[in-house]
Amino acid sequence: MSHVGVGPRAVMRSVAFLTAGVLAVPALAGCTSEDPSGKPLAEQDVAAAARARVADGGTLRWAVDSVPDTLNAFQSDADATTTRVAQAVLPSMYRTDETGSPVRDPDYLESAEVVDTEPKQVVVYKLNQQAVWSDGREIGAADFAAQWRALSGKDSAYWTARNAGYDRIEKIERGANDLEVKVTFSRPYADWKALFTPLYPKDVTGTPDAFNDGARRTLKVTAGPFAVKKVDTKGDEVVLTGNPRWWGEPAKLDRIVLRAVPRDERVSELVAGKLDLAEIDPETADEVGLAAGPRDPATGTPLMGPGGTPAPGPQGRSAAEALRSWALAHGSDEEAAEEEALAREERREAEAKARSRQRALSGFEVRKSLEPAYTQLALNGSDGPLADERVRRAVARALDRGKLAEAVLKPLGLPTEPVGSHLALSGQPAYADGSGALGEQNAKEARALLADAGWVPGGPVKKKDGEEAAGAEKDKDAKDEKDGEKSEGGDDGTYIVGEDGKNDDGKNDDGENDGDDAKDGADQESGEKHSSGKNTAQGGAPGAYAPKGTAAPAGSAAGPLAKDGKALTLRFVLPSGPGSETLRTVAGRITDMLAEIGIGTEITKVPDESYFKDHIAAGEYDLALYSWPASAFPATDARPIYAKPVPAADGSLNVAQNYTRVGTDQVDQLFDRAMATLDQKEARDLLRKADSRIWAAAGSVPLYQRPQLVAARENLANAGAFGFETPVYEDMGYLKKGAQGSRPSAPSSVPPSS
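Residues numbered from 1 in each chain as written. Predicted model: local features only at pLDDT ≥ 70, side-chain atom pairs only at ≥ 80, totals over all residues. Heavy atoms only, no water.

1. Let's talk about the sheet that holds strand S17 (residues 566-567)
Spatial strand order, S14-S16-S17: 3 strands in an open sheet with antiparallel pairing. The sheet terminates laterally at strand S14 (456-457) and S17, the two strands that pair on one side only. Sheet topology note: the strand S16 (residues 561-563)/S17 ladder contains 2 bridges and is antiparallel. Among the inter-strand pairings, Lys 563 is bridged to a residue of S17, identified as Lys 566. (Pairing = 2+ DSSP bridges. Helix = DSSP H or I, 4+ residues; strand = E, 2+ residues; numbered from the N terminus.)

Quick look at the structure:
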């Protein structure tokens, strides 16, 4: 998996125990005259071109992670491809702009405003008079009303994943004419712009049967620049074609084919000419960049390697190695000469394949930005040492978030500023750096917090049968059988820091790089090679490994911390798939930082398919890394992530999406107030206060905004790394002949958010 991200999901339940502390929240930056929201750290990179420069026709073959199980975005098994299809074929009242803020989509909506607040909030939508469904019927109040009834939560026959906002609507009726829709709310709702995006026709939402099953594999009625031609599960693709009833700017492309291609196979599909656009990992980005660079006119080989380094010589060898090879091939030792001749032939064949591969990739370029998502360190506060807020705060204070962000993003040439908010990203209106509520990285103060919690260095450690750490208990044998994951070398996927024979710089005791760790250090994230950095830590995380029994690194605690005869060791659960190398590299750096304050970590790698369901959602971890998407509506979308878990009728704990099991009544109240006010400034201030309290509780630590790397054909315009902005599907296409080479540069600055 190239990254671990979390979207809207059905409510998960797990037994947990929480302790709540009194949180001291400092004054917010939002109280100053300077706007704390800042600007987006990176702009989108889509090779923007005016429509006049884009040719009519053509097919865009776009790699996706999967063919969706449903085309209904409001069902629990909807995924990122479901969203992509919905954006291309269905109405959206609002879309997101370059700052991640909602903006009206004029193709569907002429205006929308709150016309009354007393006694009830009333919003009137005025629809574009040209807006029609593909069957010719006008988009109108009946569609709005049907979607509200389906998503209101009042009829359990509708299998919905969420109803936030729709449950606050009292009634929907026709306005002054057929183009007006009047929505009356039973309770004030600040995020009303989040509703009816996407909007499904009443044919889909009008009855439970139609809603549950009618839009899973087909959408017969649509209203976007494209329509769904077919969902081919056997061929692993979704085919979109132009909508002849579309009233807006006509689509430049004839077809968009969304092809399900695993991330580790995408470079091969690019080489084979079977893809035009694909999100890729950093290693593939290096290869594409090298192929697109300057070449020797005589041999066609690249003149420069990644990062501007000289490209390898013939067959990737130095002059000395080439001379030695010649000497062996022409020497008196016939057996050695024969072996070397065969080796030289194999190298020539490999070189020919490499040249062919580079030629195939030379028509692509890498477009990069930052995703509207961030990676965080989650601390499970349900039980064990992390149930104590002082221990969680100590873990958080031990982290140098700037160094972690730099390790992932700097090799990619992307901004390395760490994320300062749980609820928004830099440039979004609600953003403000609330990390001051926790405090800066400070190992001395982290140790003091641990001492206050009773964890002292060099204390006696009593080992009981089967006991390995003070973290959450687990039955290791049962876990091994369940996960079926065996790491290289035949072990069980569990690693104890300090027991794998590595020193600070990722080399073994002989000073040589270890091949396996060098491979692990090259990641996919940039998260996640779906997310961001190239080989951020060749050979592994500095200082994360040392030969068994080696002394602790300089500056670390005098010895392991212990309490009541137990060592302070936290179980760090990570995905083991080929796309999660970045996560594992970041985890290695985190373990090194925790070792500095005397906290041990037990790293357990688990199969990708069980990572979230069996570990994160189930609460079977102490520390974990995963990502959350940013939202234009944090009061609505972030509340389930940080709401205080509540007991369920069966005695379990209803955690919603709060997989850290850490929450407070104060945070819940701030979210509720932000959701109920129609004053945007007041809502932003309330959200920033909520974020400060979330920081102080130390249930999760935002680290970095995820990188977005996309391989695109050089002549493909208006597609690539979209950043915050909603894609404009009708403008995508291939440049006209003669239009290439005049790609407009991105604007030098982004306007501040309003």
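2. Some thoughts on the sheet that holds strand S6 (residues 122-127)
An order of S5-S6-S8-S7 is seen for the 4 strands of this open sheet, with the pairing classed as antiparallel. In this open sheet, the two strands that pair with only one neighbour each are strand S5 (109-116) and strand S7 (169-174). Within this sheet the neighbouring strands show an average axis-to-axis angle of 20°, counted without direction. Of the strand pairs in this sheet, S7 and strand S8 (residues 180-185) are connected by 5 bridges, and their pairing is antiparallel. Within the sheet, the bridge partner assigned to Ile 172 lies in S8 and is Val 183. (Axes fitted to C-alpha atoms, helices over the stretch in contact; angles between N-to-C directions.)

3. Focus: a negative patch on the surface
Where like charges cluster on the molecular surface, the negative patch consists of Asp 333, Glu 334, Glu 335, Glu 338 and Glu 339. Among the secondary structure elements, Asp 333 is positioned in the loop between helix H7 (319-329) and helix H8 (334-361). The partly exposed category is assigned to Asp 333, whose relative accessible area is 45%. (Patch = residues over 30% accessible without salt bridge, like charges linked within 9 Å, V, L, I, M, F, W, Y side chains within 5 Å. Areas by Shrake-Rupley, 256 points an atom, 1.4 Å probe, with all protein chains shown as cover. Salt bridge = Lys/Arg side-chain N within 4 Å of Asp/Glu carboxyl O. Lys, Arg positive; Asp, Glu negative; His and termini not counted. Charge placed at Lys NZ, Arg CZ, Asp CG, Glu CD. Buried < 20%, exposed > 50% of the residue type's maximum accessible area, 1.4 Å probe, protein only.)

4. Some remarks on helix H1 (residues 80-89)
Those residues of H1 that fall on the buried side of the exposure criterion are Thr 81, Thr 82, Val 85, Ala 86, Ala 88 and Val 89. Buried residues of H1, viewed axially, fall in a sector of 165°; they line one side. Buried residues along H1 sit in contact with strand S2 (59-64), strand S9 (226-232), strand S10 (237-242) and strand S11 (255-260). (Arc of directions from axis to C-beta. Contact = heavy atoms within 4.5 Å.)

5. Some thoughts on the pairing of S10
Consecutive side chains along a regular strand alternate between the two faces of the sheet. Most of S10 is tucked away: 5 of the 6 residues are buried. From the end of S9 to the start of S10, which pair antiparallel, there are 4 residues, and Asp 236 there has a positive phi angle of about 55°. Of the strand pairs in this sheet, S10 and S11 are connected by 5 bridges, and their pairing is antiparallel. Bridge pairing in S11 places Glu 237 opposite Arg 259.

6. What about the pattern of salt bridges?
Pairing is possible between side chains that carry opposite charge, provided their charged atoms lie close to one another. According to the stated counting rule, one finds 26 salt bridges in the structure shown. Its salt-bridge partner being Arg 51, residue Glu 249 comes within 3.5 Å of it at the nearest N-O pair. You can see Glu 249 sitting in the loop between S10 and S11 and its partner Arg 51 sitting in the loop between strand S1 (12-13) and S2, a full 198 residues away along the chain. Linking Glu 269 and Arg 259 is a salt bridge whose minimum nitrogen-to-oxygen distance equals 2.9 Å. Here Arg 259 lies in strand S11 and Glu 269 lies in helix H5 (residues 266-271), a separation of 10 residues in the sequence. Per residue, the accessibility class of Glu 269 equals that of Arg 259, and both read buried. Through salt bridges with shared partners, a single network forms among Arg 51, Glu 249 and Asp 731.

7. With respect to the packing of helix H10 (residues 401-409) against helix H14 (residues 581-595)
Running from N to C, H10 and H14 cross one another at 155°; their axes reach a closest spacing of 11 Å. Here H14 runs roughly antiparallel to H10, going by the angle between their axes. Pair H10 / H14 crosses with right-handed handedness. Between H10, through Lys 403, Leu 404, Ala 407 and Val 408, and H14, the contact on the second element is made entirely by Thr 582, Val 586, Arg 589, Ile 590 and Met 593. Class assignment for the residues of the contact of H10 with H14 results in 6 nonpolar, 1 polar and 2 charged. (Parallel < 35°, antiparallel > 145°, perpendicular 65-115°, else oblique. Left-handed = near helix turned anticlockwise from the far one by under 90°. Nonpolar A, V, L, I, M, F, W, Y, C, P; charged D, E, K, R; others polar.)

8. A closer look at the packing of aromatic side chains
All chains considered together, the criterion is met by 18 aromatic pairs. Taking the centre distance of 6.2 Å and the plane angle of 85° together, the rings of Tyr 94 and Trp 192 count as edge-to-face. On the criterion of sequence distance, the pair formed by Tyr 94 in strand S3 (residues 94-96) and Trp 192 in the loop between S8 and helix H3 (202-205) is long-range, its members being 98 residues apart. Judged by relative accessible area, which is 7%, Trp 192 ranks as buried. Centre to centre, the rings of Trp 246 and Trp 247 are 4.7 Å apart; their planes meet at 40°, and the pair counts as tilted. What links up through ring pairs into an aromatic cluster is the set Phe 74, Tyr 94, Tyr 125, Phe 144, Tyr 166, Trp 192, Phe 196 and Tyr 200. (Phe/Tyr/Trp six-rings, centres within 6.5 Å; stacked < 30°, edge-to-face > 60°.)

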